[in-house]
Amino acid sequence: QTLLLNKKFIVLLGFMGVGKTSLGRGLSKKLNLPHIDTDFEIEKVKNMKISSIFESYGESYFRELEQNIIIDIFSKNQESVISLGGGSFLNIKIREHIKNKCISIWLNANVDTIYKRITKSNNIRPVFSRLKSKNDLEVLLHERSQVYKEADIKIDSENLNKYSLVEKVLYKIDDYLEKKDENY
């Protein structure tokens, strides 16, 4: 179905390791829309890994670059599914853009699941590498959740395979659009 209410994008947000990229790919296939992974786009523009950008230029440089590239993505693209980096939604300018132009979906998972996925992954995550313990991770997850909860839809990705997760998200989007429609 076409995205109603002039919202052109479905944006997946949430903490690192919750599965935003693989869900994004699955949704894009199912909805026949392009998938954009913002971290990948940033890496393409700089021709560097995110971890190297952090290392070479620092986090504030990265955050500014991230903001410019993401806002650019919104202005240049048609309907698409967008997977955001874990910290992107914390940026007020990005968040305002998303609230105006997108259906936002907070993909959530508990700290144990996230910790397991991140420690198993080959993907170097600069923010994670600064944390000293699982407890630090939990504190950061809790802080970020206060902002993530501003998303239109919340999905717990716990114990769902990719297929079930895609189906659950599609159901929640339909539900969200119906409720929006009733309020018009």
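The structure we're discussing is the one just above.
Now for a description of the structure that goes with this document. (Residues numbered from 1 in each chain as written. Predicted model: local features only at pLDDT ≥ 70, side-chain atom pairs only at ≥ 80, totals over all residues. Heavy atoms only, no water.)

## Thoughts on the side chain of Ser104
Looking at the element boundaries, Ser104 is found in strand β4 (residues 102–108). Residue class for Ser104 comes out buried when judged on its relative accessible area of 3%. At a separation of 2.9 Å, a polar atom in the side chain of Ser104 contacts the main-chain amide nitrogen of Asp152. Beyond its immediate stretch of four places on either side in the chain, Ser104 contacts Val11, Leu13, Ile98, Ala151, Asp152 and Ile153. (Helix = DSSP H or I, 4+ residues; strand = E, 2+ residues; numbered from the N terminus. Buried < 20%, exposed > 50% of the residue type's maximum accessible area, 1.4 Å probe, protein only. Polar contact = N/O pair within 3.5 Å; in protein donor to acceptor, adjacent residues only side chain to side chain. Contact = heavy atoms within 4.5 Å.)

## Looking at the packing of helix α3 (residues 50–57) against helix α4 (residues 59–76)
At a minimum axis distance of 7 Å, the contact between α3 and α4 shows a crossing angle of 130°. Taken together, the axis directions place α3 and α4 in an arrangement best described as oblique. Along its contact with α3, which presents Ile50, Ile53, Phe54 and Tyr57, the element α4 presents Glu59, Tyr61, Phe62, Arg63 and Leu65. Looking at the contact of α3 with α4 residue by residue, the classes come out as seven nonpolar, no polar and two charged. (Axes fitted to C-alpha atoms, helices over the stretch in contact; angles between N-to-C directions. Parallel < 35°, antiparallel > 145°, perpendicular 65-115°, else oblique. Nonpolar A, V, L, I, M, F, W, Y, C, P; charged D, E, K, R; others polar.)

## Some remarks on the pairing of strand β1 (residues 9–13)
Counting buried positions over the five residues of β1 gives five, a clear majority of the element. Along β1, one buried face is formed by Phe9, Val11 and Leu13 and the opposite face, lined by Ile10 and Leu12, is buried too. In this sheet, strand β3 (residues 80–83) lies alongside β1 in parallel orientation, the contact comprising four bridges. Among the inter-strand pairings, Val11 is bridged to a residue of β3, identified as Ile82. (Pairing = 2+ DSSP bridges.)

## Concerning the nonpolar core
Phe15 and Leu27 are the most contacted members of the largest nonpolar core, which has 52 residues in total. Take this core: its biggest share by element is seven residues, from helix α9 (residues 162–182). Once residues within four sequence positions are removed from consideration, Phe15 is found in contact with Lys20, Leu107, Ile114, Leu137, Leu140, Leu141, Arg144 and Tyr148. (Core = buried A, V, L, I, M, F, W, Y, C linked by side-chain atoms within 4.5 Å.)

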